[in-house]
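Chains, contacts and geometry: an overview
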Amino acid sequence: MKLQPVRGTHDLMGDDAKKHQFIVDTARSLAGHYGFSEISTPIFEFSQVFKRTLGEESDIVNKEMYTFEDRGGESITLRPEGTAPIARAFISQGLSHLTPLKLFYQGPMFRYERPQKGRQRQFHQLGVELIGVASPLADIECIAMGHTLFQELGLLNNIHLEINSIGDDDSRSRYKKILVGFLEKVRKELSEDSQRRLDTNPLRVLDSKNPKDQELISDAPQLKDHLNDISKMFYEKILESLITLGIPFQENPQLVRGLDYYCHTVFEFKTQDLGAQDAVLSGGRYDKLIAQMGGPETPGVGFAGGIERLALLLSEPPSKQTPFTLVPLGDAAEKEAMKICYQLRAQGFPVDMGYSGNLSKRMKRAHKMQSKAAMILGDDEISRGVVTWKNLQSGAQQEVKMTQLSSFLSQMMSDD
Ligand code: HAM
C-alpha cells in the first residue's frame, strides 16, 4: 500500500508554501504596527477548554473535534480554533494585569470536516485577540486591521465585509423568544438540522445554508430590531466608525457565527471566488468568555483568517529571492566552492550550488533555480583567483576577482 497523507491534510511546499509565508509575514508585520505581540499556544488542550466555550451544540464541538484520551487518561483535543486557548492562557498565566493585552497568533487548527476546496481537516489560521477593552474602539481596530491586511495582500477586490450585532445577553434572550415563536409556526417546513437547532440553539437556524430554510428565515424578525439601548449604541458606534474610516461594509442581519462565545459585534470578510467556503476572515466580540472559563470578568474581541483560503485568492506567489549559483568543475574547485558558498551565505547573499555532474548538468541546476547568474569555478579560475561570471538572462560573461566577489554581488543585487 502506498502511504498517503490523511484525508483533508496537505504537505505545504513549493508555491503554496511561498504564498503561506507571504501571508503570515504580511500579517505579522501589520500586527506589529497595530501593537500586537505574538503568542503560540500548544496545539492541544484539555477538551474542556473547547467543549464549554464554543458551545455544546456548536458544529465544532458536536462533530468536528479531534478528541482522544492520552496515556494518562486525560481527554485532550487538537485545537479547532485559537480564541479559547488564548483565553485559557490569559487565565492560567494570570495575565489580567497586562490588559489591554493584544495578541497575534498563527498556526495549524484541526476540524473533522468534509474536505473540499478551501476546507481542510488540518488548516492554518492567523488571528488577533484584543483583550480587556470594552469600548467599540477595540472592535474597530480589529476590523480595520483585517481590512488593511486584505489591502496589503492585494485582495481588496476579492472580498467584502459583512457585519451584524447579536447584542448583549439581555437583547439576545429576548430576541430568542421572539424568534422561536416565529420559527415554531414553520417548524415542519424547516430542514432536519434547523429543527434540531430550533430546540438547542435557535439563533443558528438563521445561519442555515438550506435554500428552503433561507426562504422561510427571510421573513423572520431581525435581532437588530430587538437590541436594547446599550447594544444599539454599541453597534451604531461601530458602523459610524467604519464610515469614518471609509471601510465599506454590508449589514447582514442573518450573520450569527457558529461559536457560542460571541456577543455584540460579529463580522466576516467574505469572497465570491471560493464557492461555498466564502468566509476568509471572521471574528467578533466575546465579553463573557474569560469569566465563563473561570477567569476575571474581561471583555475581548478578535478575528481569525484562514491562511489556505487567503492563499487560494492570491494568484501569483510573491517573487522569490533568486540566487547566484556556484558551478565548480573538478575536485579542487568543489572544495573551494564549498568555502565560497559558506562565506557568501554568511554575508547574507542567496547562493546555490551546482552539486554534481559535468558543466551542462551543473548549469541546468542554475537554470532550474532561476538564478540570476552562474559563477563558474575551474582549476584555471582558481589559479588566477577569479570566477567566470555568466549572466543567465543575457548570456554575457566576464571575470570577477575572488577578492571583489562580495562587493560585486552587492552591486548586482542593488541593480535589481
Ligand atoms: P471561524 O469562523 O471558525 O472563527 O474560523 C476563522 C476562519 O478560519 C474562517 O473564516 C475560515 O477562513 C478559516 N477556516 C475555518 N475552518 C476551516 C477549514 N476547515 N479549512 C480551512 N479554513 C477554515 C474562529 O476560529 C474564531 N476563533 C475567530 C475569532 C477570533 N473570533 C474572535 N477571535
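As a convention, each chain's residues are numbered from 1 in the sequence order in which they are written. Since the coordinates come from a predicted model, pLDDT governs what is reported: local features require at least 70, and pairs of side-chain atoms require 80 or more to be given and counted, while whole-chain, interface and lining totals use all residues. Side-chain metrics in this entry use all non-hydrogen atoms of the structure; hydrogen atoms and water are not considered.

**So, the environment of Leu-95**
- The numbering of helices and of strands both runs from the N terminus, where a helix is a DSSP run of H or I of at least 4 residues and a strand a run of E of at least 2. Mapped onto the elements, Leu-95 comes out in the loop between helix H4 (83–92) and strand S5 (101–110).
- A C-alpha to C-alpha distance of 15 Å links Leu-95 and Phe-36, two positions 59 residues apart in sequence.
- Throughout, a residue-residue contact means that at least one pair of heavy atoms, one from each residue, lies within 4.5 Å. Among residues more than four places away in sequence, those in contact with Leu-95 are Ala-89, Phe-90 and Leu-101.

**Re the sheet that holds strand S4 (residues 75–78)**
- Between any two strands, pairing holds if DSSP finds at least two bridges. The sheet built from 3 strands is open, its strands ordered S2-S4-S3 with antiparallel pairing. Across the chains shown, the open sheet's two edge strands, defined by having one partner strand only, are strand S2 (44–46) and strand S3 (67–69). Across this sheet, the average inter-strand angle for adjacent strands is 35 degrees, counted without regard to direction.
- As paired strands, S3 and S4 are joined by 3 bridges and run antiparallel to one another. Residue pairing in the sheet places Phe-68 in a bridge with Ile-76 of S4. Simply put, an axis is a line fit to the C-alpha atoms, just over the touching stretch for a helix, and the angle between two N-to-C directions goes from 0 to 180 degrees.

**Looking at the packing of aromatic side chains**
- When two rings of Phe, Tyr or Trp (its six-membered ring) have centres within 6.5 Å they constitute a pair, described as stacked for plane angles under 30 degrees, edge-to-face for angles over 60, and tilted for the intermediate range. Using the criterion set out here, one finds 7 aromatic pairs in the structure.
- Ring centres of Tyr-261 and Tyr-286 lie 5.8 Å apart, and the angle between their planes is 70 degrees; on these two criteria the pair is classed as edge-to-face. Here Tyr-286 lies in the loop between strand S10 (279–285) and helix H10 (289–292) and Tyr-261 lies in the loop between strand S8 (250–251) and strand S9 (263–271), a separation of 25 residues in the sequence. The pair formed by Tyr-261 and Tyr-286 is uniform in burial state, with each residue classed as buried.
- With 5.7 Å between their ring centres and 45 degrees between their planes, Phe-324 and Trp-389 make a pair best called tilted. Remark: Trp-389 occurs in strand S15 (residues 386–391) and Phe-324 occurs in strand S12 (residues 324–328); sequence separation between them is 65 residues. Note on exposure labels: buried denotes an accessible area under 20% of the residue type's maximum, exposed denotes more than 50%, and partly exposed covers the range between, all computed with a 1.4 Å probe on protein chains only.

**What about the pattern of salt bridges?**
- Salt bridges are identified by distance alone: a Lys or Arg side-chain nitrogen within 4 Å of an Asp or Glu carboxyl oxygen. Summed over the entire model, instances satisfying the criterion amount to 26 salt bridges.
- Residues Asp-25 and Arg-28 are paired through a salt bridge, measuring 4.0 Å at the closest nitrogen-oxygen approach. In this pair, Asp-25 and Arg-28 are both assigned in helix H1 (residues 14–33), 3 residues apart and thus about one turn of the helix distant.
- Among the residues examined, Arg-28 registers a relative accessible area of 32% and is labelled partly exposed.
- We note a salt bridge from Arg-174 to Asp-170, for which the minimum N-O separation is 3.8 Å. With Arg-174 and Asp-170 both in helix H6 (residues 169–184) and 4 residues apart, this pair spans about one turn of that helix.

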